[in-house]
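# A closer look at the structure
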Amino acid sequence: MSARLVVLVSGSGTNLQALMDAASGAYEIVAVGSDRPSIEGLARAEKAGIPTFVVPLGEDREAWNDEVLAALRSYGPDLVVLAGFMKILAPRVVEAYPMLNTHPALLPAFPGARAVRDALAYGVKVTGCTVHLATADLDAGPVVAQEAVPVFEDDDEKSLHERIKATERRLLADTVERFARGGFRIEGRKVVLP
Ligand code: GRF
């Protein structure tokens, strides 16, 4: 039986696309949700005939978290993937389902929304991407998979992010596939995929 995946996105959705393209039976994307309407990520899902939902963040953050949780529940996911979802969810939402996040840096270096810019500004020669378990602490959950990406002399934020994303998409799709096939085990902070 394939694992039921809900993917949350906020932008162009190229990571989502990689998950859709790689789906080979181990998992099925049952819905794609967003905090923003009219984004490319949602259009990709619609084009593929995947149900979508949008929960915009208003004044009341608690109510927003309730709505996101209700939407997730309605699709009964085995796994939730944050694929460029740029809002912080309340611990009770993060803890409701196994949840993976993809991040464009080698955590614990450069957490937060400006990871690529921060890595460039720091002057690192190597950065990369991380797939980790989402926990109540932002970008601090146990690491599931990582891959390094070189920083070139003439990189700007865009060129570096594009290079990272090429690796990130493959890493995310591979990791989700393995996760969906066999689950995972946690030993302290160490995540073991079968
Ligand atoms: C990814 O690099 C993700 O890690 C970051 O935003 C980017 C999303 O790209 N938070 P896309 O929407 O999947 O194209």
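This section reports on the structure supplied with the text. Treat the numbers as computed from the prediction; the structure is a model and nothing was measured.

## Concerning the overall build of the protein chain
Counting its regular elements, the protein chain contains six helices and nine strands. Its C-alpha atoms give the protein chain principal-axis dimensions of roughly 45 × 40 × 35 Å. Taking all 194 residues of the protein chain together, the buried fraction comes to 48%. Looking at the protein chain alone, contacts between residues at least 24 apart form 60% of all its contacts between residues at least 6 apart.

## Brief notes about the site of the ligand
Around the ligand, the surrounding shell holds 13 residues, and the nearest of these are Ser12, Gly13, Thr14, His161 and Glu168. Note that an oxygen atom of the ligand is positioned 2.8 Å from one of the side-chain N or O atoms of Lys165. When the free accessible area of the ligand is taken as 370 Å², the share hidden by the protein chains comes to 91%. Going through the elements one at a time, α1 (14-22), β5 (99-103) and α6 (157-182) are the ones with two or more residues in the shell around the ligand. Tallying contributions element by element places α6 first for the shell around the ligand, with three residues.

## Some words on the pairing of strand β4 (residues 79-82)
Side chains Leu79 and Val81 of β4 all project onto a buried face; the interleaved residues Val80 and Leu82 project onto the opposite face, where all are buried too. One ladder, built from four bridges, connects strand β1 (residues 3-9) with β4; its direction is parallel. Bridged to Leu5 within β4 is Leu79. The pairing of β4 with β5 spans three bridges and is classified as parallel.

## Things to note about the sheet that holds strand β3 (residues 52-54)
Here we have seven strands laid out as an open sheet, ordered β3-β2-β1-β4-β5-β6-β7, and mixed in their pairing. Of all strands in the sheet, those bounded by a partner on one side alone are β3 and β7 (143-150). Neighbour-to-neighbour, the strand axes of this sheet turn through a mean angle of 20 degrees, independent of strand direction. Where strand β6 (residues 126-133) lies against β7, seven bridges are found, and the strand directions are antiparallel. Bridge pairing in β7 places Thr127 opposite Val149. With respect to the sheet, α6 is in contact with β1, β2 (27-34), β4, β5, β6 and β7, its orientation differing from that of β7 by roughly 155 degrees.

Rules behind the numbers
Residues numbered from 1 in each chain as written. Predicted model: local features only at pLDDT ≥ 70, side-chain atom pairs only at ≥ 80, totals over all residues. Heavy atoms only, no water. Helix = DSSP H or I, 4+ residues; strand = E, 2+ residues; numbered from the N terminus. Buried < 20%, exposed > 50% of the residue type's maximum accessible area, 1.4 Å probe, protein only. Contact = heavy atoms within 4.5 Å. Near = heavy atom within 4 Å. Polar contact = N/O pair within 3.5 Å; in protein donor to acceptor, adjacent residues only side chain to side chain. Areas by Shrake-Rupley, 256 points an atom, 1.4 Å probe, with all protein chains shown as cover. Pairing = 2+ DSSP bridges. Axes fitted to C-alpha atoms, helices over the stretch in contact; angles between N-to-C directions.

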